[in-house]
Amino acid sequence: MNTQNQHPKVRTVASTQSEKTEIVLPNDTNMLGHLLGGRLMHFIDLTGAMAAYRHARTNVVTASMDHIDFIRPVHLGDLVTLKSSVNRAFSSSMEVGVKVWAENTRTGEVAHVASAYLVFVAVDEQGRVQKVPQLKPETPDEVRRFDDALRRREHRERESVRRSEGKLAVAALASEQDNPS
Ligand SMILES: CC(C)(COP(=O)(O)OP(=O)(O)OC[C@H]1O[C@@H](n2cnc3c(N)ncnc32)[C@H](O)[C@@H]1OP(=O)(O)O)[C@@H](O)C(=O)NCCC(=O)NCCS
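About the thresholds
- Residues numbered from 1 in each chain as written.
- Predicted model: local features only at pLDDT ≥ 70, side-chain atom pairs only at ≥ 80, totals over all residues.
- Heavy atoms only, no water.
- Near = heavy atom within 4 Å.
- Polar contact = N/O pair within 3.5 Å; in protein donor to acceptor, adjacent residues only side chain to side chain.
- Helix = DSSP H or I, 4+ residues; strand = E, 2+ residues; numbered from the N terminus.
- Core = buried A, V, L, I, M, F, W, Y, C linked by side-chain atoms within 4.5 Å.
- Buried < 20%, exposed > 50% of the residue type's maximum accessible area, 1.4 Å probe, protein only.
- Salt bridge = Lys/Arg side-chain N within 4 Å of Asp/Glu carboxyl O.

(A) A look at the site of the ligand. Taken together, 13 residues surround the ligand, and among them Thr62, Ser91, Ser92, Ser93 and Arg153 come closest. Here an oxygen atom of the ligand sits 2.6 Å away from a polar atom, N or O, in the side chain of serine 93. Secondary structure elements with two or more residues in the shell around the ligand: β3 (59–65) and β6 (110–123). Per-element accounting of the shell around the ligand gives the leading share, four residues, to β3.

Next comes the structure, spelled out in structure tokens:
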């Protein structure tokens, strides 16, 4: 890891808050006129990256996106608003939360349609991992998200180990089948 930035500053959650609004156009929808899941994931990735950029003030790459529940469909012509902020900064990675609402432009009804957690990693121009400033939660909600982010990181790490072990077991089985003794 590049440790040139030895004394990173501390930043607030408020300084990372980002927002994006899109109108759902025909190209964004499936045959039913519902916003495509992949398109929504793209919006989520972009809005998450905005918060990570504001925190890291360097290039960031998406390392992971946790599972997303599409709670209800978003329709052609709806306004989709996404809000993001950094929940916690670790050494070079940041967990960002993104929440999505859809607004029916005729009725004005606004509904929460999706939420996601993403991990971004700060990198330099050569793609080398960079340290990021620490994050200082200020409000009770920010403190709760900060604490939860550590639990989710530990869960991701356990899942990563479990997947690696699963891959090794599958490779060992395939090797046994290819070379029966
Ligand atoms: C993300 C990436 C930079 C990590 O590189 P790496 O060599 O594994 O780096 P390290 O092992 O030193 O880990 C660096 C940080 O990334 C985190 N990380 C790595 N892989 C991760 C994953 N799959 N999920 C969550 N965090 C991850 C580590 O926990 C570590 O965090 P910390 O420094 O805050 O403790 C590298 O895997 C990469 O470039 N991936 C492709 C990213 C990409 O192309 N995204 C899509 C387009 S933006």
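Now, onward.
(B) View of the nonpolar core. Judged by nonpolar contacts, the single largest core of 30 residues is most densely connected at Leu40, Ile44, Val80, Met94, Val100 and Phe120. Within the residue set of this core, elements represented by two or more residues are α1 (37–56), β4 (79–89), β5 (93–103) and β6. For this core, the leading source of residues is α1, giving seven residues.

(C) Up close: the pattern of salt bridges. Counted according to the given criterion, the structure contains 11 salt bridges. Notably, a salt bridge pairs arginine 128 with aspartate 124, separated by 2.8 Å at the nearest N-O pair. Residue class for arginine 128 comes out partly exposed when judged on its relative accessible area of 46%. Its relative accessible area of 12% is what places aspartate 124 among the buried residues. With a closest N to O distance of 3.5 Å, arginine 153 and glutamate 157 form a salt bridge. Of this pair, arginine 153 and glutamate 157 are both found in helix α2 (residues 140–178), four residues apart, which corresponds to roughly one turn of the helix. Through salt bridges with shared partners, one network takes in Asp66, Glu95, Arg152 and Arg156.

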